[in-house]
Structures are given as structure tokens and as C-alpha cells.
Amino acid sequence: MNEAASAMAESAATAAAAASSRVSRIGLDIRLKAPVIIVPQKSTMPDALLVDLGLLTLKNSFSPIPNSSPEKGVPAILDSMQIGLTAFKVSRARINEDTVAAEVLILEPVNISIEMIRNLSASWYHQHPDIDISGNLQAFSVALSQGDFTVLMGMLNDNLGEEGQLKPETPKKTAEQPQAAAPAPSAGGSAAAPKAVTQTVTPEITGVAPTSQPASTAEVYTKMKFNFSIVSINATLYTGDSDLTSGIAKRDASKSLAHFDIQEIGVIGSMQSDNAMTASVALFKMVLLDSRPGREKGITSGEILRMVERSDQIAKGPKVNMIDVKFSQTATQDKELVTMVNGLFICVCLEYVMTLSNFFVEGLPKSDQPPAPAPAVKAAAAEAPAEEATPAPP
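None of the values given here were measured: they were computed from a predicted structure.

Bringing a nonpolar patch on the surface into the picture now. On the surface, Val341, Leu344, Ile346, Val348 and Leu350 cluster together into a nonpolar patch covering about 490 Å² of accessible area. Mapped onto the elements of the fold, Val348 is located in the loop between strand E16 (344-346) and helix H4 (350-362).

Dropping the structure here:
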């Protein structure tokens, strides 16, 4: 039986390899001015989110792997695809008569590159992952005012939660529950007694060990592998609202509230054919400083200390990541999470922490609907106690 099964598997693999040698493949080389996507906050409001995908490039190539299958005579084929976005940007805009009257940048133009390698011979060649994805994101900057944050949060409530008024709701019909028939009365006029139902319970046999399933002997290989890296992320928060009168608005430096800087982020992981997987996230440096005007010599401005930064002792030594997170999962779904923090310095300034929290709390959109009136409290009428009835004289 084992020899027959191995022979059938070998013949199936040979047939798959022969079919892959005759299959046709398509090469792509696309350069496309990507579309501009406009997402309004609401169908009746002029504020919108403008997503410019910039220039989209898509190109692939096929490469055979020599000596990958000498017994079949057909090499394994890898499909390498490069995807690029150039000058990708996001801005908040104000729409006036189907045109963009004014806009302010939220995400400055950035370049994104992604490479995906597919194993077209994954049915029989397992020396290369089925899918290998790697991406690189260059340094990009985010600028967000309190008004921009309100529009983004309002978009989640208004745009995604706006109900259509074209199709009225149809009342739902409830299925009628069948009524149980009443038992027919007997000849004597009384209802017949229900018949007794007997149930036989088989006693459980203990002391017998369960039959163990044979361990799977299938080959374990890598199904997916990914590797993403981000050079740096710079984010600046501003108080107040953006000036959207006309053209491209500029940020007012006098309204700066906080500057957040993250450098060298990496995400690496892989997934096996038996559902085992590993993943790790590394962050090299993170800084949060107070950028409010007039705080240049303050303790949170960066001249003396910063709110969050990398410790000087770690920075002067060998290169060590500030935060390391490692996750692993076995084939039996056993999970392990390990987090390591090195040289994290935090300066707790409650006044500045409350100011940052107010940026997000006060920036939440306010509901346009008036509050529901409080139910009227009806004064309960005082009930007079009932007089006791006097007994009648004999």
C-alpha cells in the first residue's frame, strides 16, 4: 500500500511539473497615473479626504531555478512582481462646485515599493516559499490639526454610517408559530394521559486508553514569508483648525503642539504549512517632544529632557533596538509572546499629558442632533387612606 501511494504521488507530481512547463504566462510592465480618490465626510458637506495615489508602476518577470528538479527535467518557476507608488499623498480638501477649492496636506508625498515573489511550482517544489513579500517605506511626514482630526473621525460616523433614503424599509414578516394540537379526549370525556418514554442509558466504559492517531509525516515547508521596513515616521500635531480658504494651505508653526518621531521599524515573519508561524517587530528609536511656542527652554521641549526618548547610555553603546516584540506559534496552536524594552526614558509631565489628551477628546465630532428631552415627571396623586367600614349593629 505504501509503495502504491508513493508511486501515485510521484506520478501526480510529474504530471503537475509537465503541465507547468506547457502553461502560458503573462508579463506585465505598467506605468499608470493612479487615480485621485475623494472621500467626502458626508454627502451634504463640503469637507472631504483627498487620496492621491501618484504614479503606479507594476512589472513582473519569470525566472527558472536551475537544478530544482533534475529527475523531472522541468525547473521550478518563480514569478517576481515589483509594485511601486511614487508621490503618494493624502490631504484634507474642501469641495466647491465639483472642484477642489482648497486643501491642506496631511501625509506629505512618499514613495512605497513592494516586491512579491510567487512560487509557481508550489505543488512540488518547496525549497522556496509559496509567497515571499517584502516592502520598503521611505521616510514620511504626517501633519494633523485638531480640525483635521475632527473631520477624519466625523467621516467614520457620517460617511460610513449615513443611511440611504431611496429605499424605504419593508416591514419584516414574522413567521407564525404552529400551535400544538390539544390531546383528543378519551371516551370517558377526560384527556388521554401521555405515554411514558423510556430511555436506555449505556454505561460509560472507563479504563480503556483512547487510540492514538498516527503522527503526520507530511513535509513541513514555508508557505508565506514577509519582511517590511519603515525608515522613519514624523508626526506633528497642531491645535485649532486648518485655514481652508483657497489653494494649498500652509501649517501655522505657532499652533504646533507635539512632535513625534519614530526611526527604523521592521516587521519580519513566516508561516509554515502546519500552521506554525513566527513574527517579530523591532523599533530602534522613538522620541516625543513638546513643540509649543514659548517652551524652548522647558523640560519637555528637548533642550533638557524629552517626554519619551532613547536613554543616553543605550545610545552611546552598540546598536540595540529600543523595543523588540517576538511572537511564535507552534503547530499545536501553542503561542509565546516575548517583549523586550531597552533604554526607554519617559518624562511624566501631567500638564502636558492632559493637553495631549484634550487634543483627541475635544477633537471628537459633536452630534448635530439635539439632545432628547427629559421625560416629564408626573406627580403621583396622593391617595387618601380608605376609611375602615364599621361593623353593623347586631
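Once that is clear, we can look at helix H2 (residues 146-158). Each turn of an α-helix holds 3.6 residues, which means side chains three or four residues apart point in the same direction. With 13 residues, H2 should cover 18 Å at 1.5 Å per step; its first-to-last C-alpha distance of 18 Å lies within 8% of that length. What H2 keeps buried is the set Gln146, Gly147, Asp148, Phe149, Val151, Gly154 and Met155.

What follows deals with the pattern of salt bridges. According to the stated counting rule, one finds 10 salt bridges in the structure shown. Asp47 is the salt-bridge partner of Arg94, the closest N and O atoms lying 3.1 Å from each other. Highlighted residues: Arg94 in strand E5 (residues 76-96) and Asp47 in strand E3 (residues 47-52), separated in sequence by 47 residues. The exposure class of Arg94 is partly exposed, given its relative accessible area of 29%. By relative accessible area, which is 10% here, Asp47 ends up buried. With its nearest N and O atoms 3.6 Å apart, the salt bridge here joins Asp130 to Lys223.

Before going further, it helps to examine the environment of Val281. Among the structural elements, Val281 can be located in strand E12 (residues 277-290). The class of Val281 is partly exposed, set by a relative accessible area of 38%. Taking the C-alpha atoms as reference points, Val281 and Asp324, 43 residues apart in sequence, are found 5.9 Å from one another. When sequence neighbours within four positions are dropped, the list of residues in contact with Val281 reads Gly266, Val267, Ile323, Asp324 and Val325.

What the rule picks out here adds up to five aromatic pairs. Here the aromatic residues Phe149, Phe359 and Phe360 are joined through ring pairs into a cluster of three or more.

Glancing now at the pairing of strand E11 (residues 256-272). Relative to E11, strand E9 (residues 222-238) runs antiparallel, the two being bridged by 15 bridges. Each residue of the ladder has a partner; that of Phe228, found in E11, is Val267. Sheet analysis places E11 next to E12, joined by 13 bridges and oriented antiparallel. Across the sheet, the residue bridging to Gly269 is Ala279, located in E12. Hairpin geometry of E11 and E12 is characterised by an intervening segment of four residues between the two adjacent antiparallel strands and by a positive phi of about 70 degrees at Asn275.

Along the chain, the position of Glu103 falls in strand E6 (residues 99-119). Notably, Glu103 is buried but unbridged: the nearest opposite-charge side chain belongs to Lys89, and the N-O separation is 5.0 Å. Excluding residues that lie within four positions of it along the chain, Glu103 makes contacts with Leu50, Ser91, Arg92, Ala93, Leu244, Gly247, Ile248 and Ala249.

Side-chain positions along a regular strand alternate between the two faces of the sheet. Inspection of the sheet shows E5 paired to E6 by 16 bridges, in the antiparallel sense. Directly across from Arg92, in E6, lies its bridge partner Val104. Following E5, the chain reverses through two residues before pairing antiparallel with E6; Glu97 in that reversal takes a positive phi of roughly 55 degrees. In this structure, E6 lies alongside strand E10 (residues 247-248), joined through two bridges in parallel fashion. Considered in E10, the bridge of Ala102 is made with Gly247. Where E6 meets strand E7 (residues 131-137), seven bridges bridge the pair, whose relative direction is antiparallel. Across the sheet, the residue bridging to Ile114 is Gly135, located in E7.

This next bit is on the nonpolar core. Counting residues in each nonpolar core, the largest one holds 28 residues, and the members touching the most others are Leu257 and Leu356. In terms of residues, this core owes the most to one element, E11, which gives four residues. Ignoring sequence-local partners within four residues, the contact set of Leu257 consists of Leu237, Tyr238, Thr239, Asp290, Ser291, Arg292, Tyr352, Thr355, Leu356 and Phe359. Within the second largest apolar cluster, six residues are counted, among which are Ile65, Leu78, Ile117 and Trp124.

Moving on, we get to H4. The end-to-end C-alpha distance of H4, which contains 13 residues, comes to 18 Å, matching closely the 18 Å that a straight helix rising 1.5 Å per residue would cover. Where H4 is concerned, the buried positions are Tyr352, Leu356 and Phe359. The buried residues of H4 occupy one face: seen down the axis, they fall within an arc of 45 degrees. Exposed side of H4, more than 90 degrees from the buried face: Leu350, Met354, Val361 and Glu362 are the residues found there. Considering only its buried residues, H4 is in contact with strand E8 (140-145), H2, E9, E11 and E12.

How each quantity is defined
Residues numbered from 1 in each chain as written. Predicted model: local features only at pLDDT ≥ 70, side-chain atom pairs only at ≥ 80, totals over all residues. Heavy atoms only, no water. Patch = residues over 30% accessible without salt bridge, like charges linked within 9 Å, V, L, I, M, F, W, Y side chains within 5 Å. Areas by Shrake-Rupley, 256 points an atom, 1.4 Å probe, with all protein chains shown as cover. Salt bridge = Lys/Arg side-chain N within 4 Å of Asp/Glu carboxyl O. Helix = DSSP H or I, 4+ residues; strand = E, 2+ residues; numbered from the N terminus. Expected span 1.5 Å × (residues − 1). Buried < 20%, exposed > 50% of the residue type's maximum accessible area, 1.4 Å probe, protein only. Contact = heavy atoms within 4.5 Å. Phe/Tyr/Trp six-rings, centres within 6.5 Å; stacked < 30°, edge-to-face > 60°. Pairing = 2+ DSSP bridges. Lys, Arg positive; Asp, Glu negative; His and termini not counted. Core = buried A, V, L, I, M, F, W, Y, C linked by side-chain atoms within 4.5 Å. Arc of directions from axis to C-beta.

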